Amino acid sequence: MPLDTASYEIPVARSAGDLREAVAGWRKDGLSVALVPTMGALHAGHISLVDLAREKVDRVIVSIFVNPTQFAPNEDFSAYPRTEAEDVGKLEGKADLIFAPNAADMYPEGFSTTVSLTGVTESLEGTFRPTHFAGVATVVAKLILRALPDIAIFGEKDWQQLMVIRRMVADLDIPVKILGGPIMREADGLAMSSRNVYLTPEERKAAGQLNVILRETADAVAKGTPISKATAEGGKRILALGFDKLDYLEVRDAASLAAFQGDKPEGSARILVAAKIGRTRLIDNMPV
Ligand code: AMP
């Protein structure tokens, strides 16, 4: 399939073959390449990663693929917003190539391989979405191996995902540098997310307080409150806001995501939260 140069201002590759051909052309000219994987429904958080890529390399690829294998059957795969034309419009002047394959191209009949990790995947998101990280690791491995970029960029919004990808790339000797970009937030501090469109006005208001409680809980821990006491208090406050279920509110080692033994943080610590309000599940995290 040739590159699609007719639909939008930015050329779109729909298969591994056209992606590889475009990258090979750049490589021949000695240009460096970054990949920014996304599921589309782009917002300023995604765009900040593309801007970061632009600062680092000569050519930027943004992939747009709503990956079915990282959604469990009860999750929002079919409802997930799909806005390709708008997404490509937002990338004009920023990305050099869009990679937007379909599911049959990524997972042809007979596809049988899964990349799964132990350790870093075994708590937090891994507890509540047990098949999620195998889906993420497999699709990210494929995207990186298809594009073979110098760097791949991920958001700190999905902190555990970033740690999973760093681990996978190190373990499998995948020759790419992984960069994390800071979390972009709305005016009230709500972490930007493609899923925020699901929130009703009332839920949106409560959601804006999640980051405040996260910050205050982190500050309490930093000032010496035992982790279990601070997170129990923070968890109660999140439910009092109108959240329906708290999946977790935890302070963990920032890299390994292991729990701290003595109920107080050591070295680099991160606070992470996941909570549901109505039909929307929100996650956020910050340094302690
Ligand atoms: P997604 O489309 O939700 O899979 O996200 C694609 C990439 O954008 C992932 O690396 C996310 O971590 C990142 N991302 C999502 N939301 C934000 C945000 N608010 N700030 C920075 N990066 C983000």
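These lines cover the structure that appears in this document, whether it is placed above or below. Only a predicted model underlies this, so the values are computations on that prediction, with no experimental measurement involved. (Residues numbered from 1 in each chain as written. Predicted model: local features only at pLDDT ≥ 70, side-chain atom pairs only at ≥ 80, totals over all residues. Heavy atoms only, no water.)

### Things to note about the site of the ligand
Surrounding the ligand, one finds 17 residues, the nearest of these being Met39, Gly155, Asp158, Met184 and Met192. The side chain of His46 places a nitrogen or oxygen atom 3.0 Å from an oxygen atom of the ligand. Within the side chain of Asp158, a nitrogen or oxygen atom sits 2.6 Å from an oxygen atom of the ligand. Alone, the ligand offers 490 Å² of accessible surface; in the complex the protein occludes 93% of this. If you list the elements that add at least two residues to the shell around the ligand, you get β2 (33-38), α2 (44-56) and β5 (151-155). A per-class count over the shell around the ligand returns nine nonpolar, six polar and two charged. (Near = heavy atom within 4 Å. Polar contact = N/O pair within 3.5 Å; in protein donor to acceptor, adjacent residues only side chain to side chain. Areas by Shrake-Rupley, 256 points an atom, 1.4 Å probe, with all protein chains shown as cover. Helix = DSSP H or I, 4+ residues; strand = E, 2+ residues; numbered from the N terminus. Nonpolar A, V, L, I, M, F, W, Y, C, P; charged D, E, K, R; others polar.)

### Quick look at the nonpolar core
Generally speaking, a soluble globular protein has its nonpolar side chains buried in company with each other. Grouped together as the largest cluster of nonpolar side chains are 45 residues, with contacts concentrated most on Leu19, Ile61, Val140, Ile144, Met168, Val169 and Ile178. Looking at this core, the elements that each hand over two or more residues are α1 (16-28), β2, β4 (97-99), α6 (132-147), β5, α7 (159-171) and β8 (269-277). It is α6 that provides the largest number of residues to this core, a total of nine residues. Leave out the neighbours within four places in its chain, and Val140 touches Phe154, Ile165 and Met168. Listed in part, the 23 residues of the second largest apolar core include Leu190, Ala230, Val251 and Ala275. (Core = buried A, V, L, I, M, F, W, Y, C linked by side-chain atoms within 4.5 Å. Buried < 20%, exposed > 50% of the residue type's maximum accessible area, 1.4 Å probe, protein only. Contact = heavy atoms within 4.5 Å.)

### Some details on the sheet that holds β8
Read from one edge to the other, the open sheet built from three strands follows the order β7-β8-β9, with strand pairing classed as antiparallel. Two strands bound the open sheet, and with one partner strand each, they are β7 (245-253) and β9 (280-287). For this sheet, the mean inter-axis angle between neighbouring strands, taken without regard to orientation, is 10°. Where β7 meets β8, eight bridges bridge the pair, whose relative direction is antiparallel. Across the sheet, the residue bridging to Glu250 is Leu272, located in β8. Strand contacts of helix α8 (residues 201-222): β7, β8 and β9, with the helix running at about 30° to β9, the strand carrying the most contacts. (Pairing = 2+ DSSP bridges. Axes fitted to C-alpha atoms, helices over the stretch in contact; angles between N-to-C directions.)

### Some words on the pairing of β8
Regular strands have side chains that alternate between both faces of the sheet. Counting buried residues along β8, eight of its nine residues qualify, which places the element largely inside the surrounding structure. Relative to β9, β8 runs antiparallel, the two being bridged by eight bridges. Residue pairing across strands places Ala274 opposite Ile283, the latter belonging to β9. Linking β8 back to β9 in an antiparallel pair, the connection comprises two residues, with Gly278 at a positive phi of about 60°.

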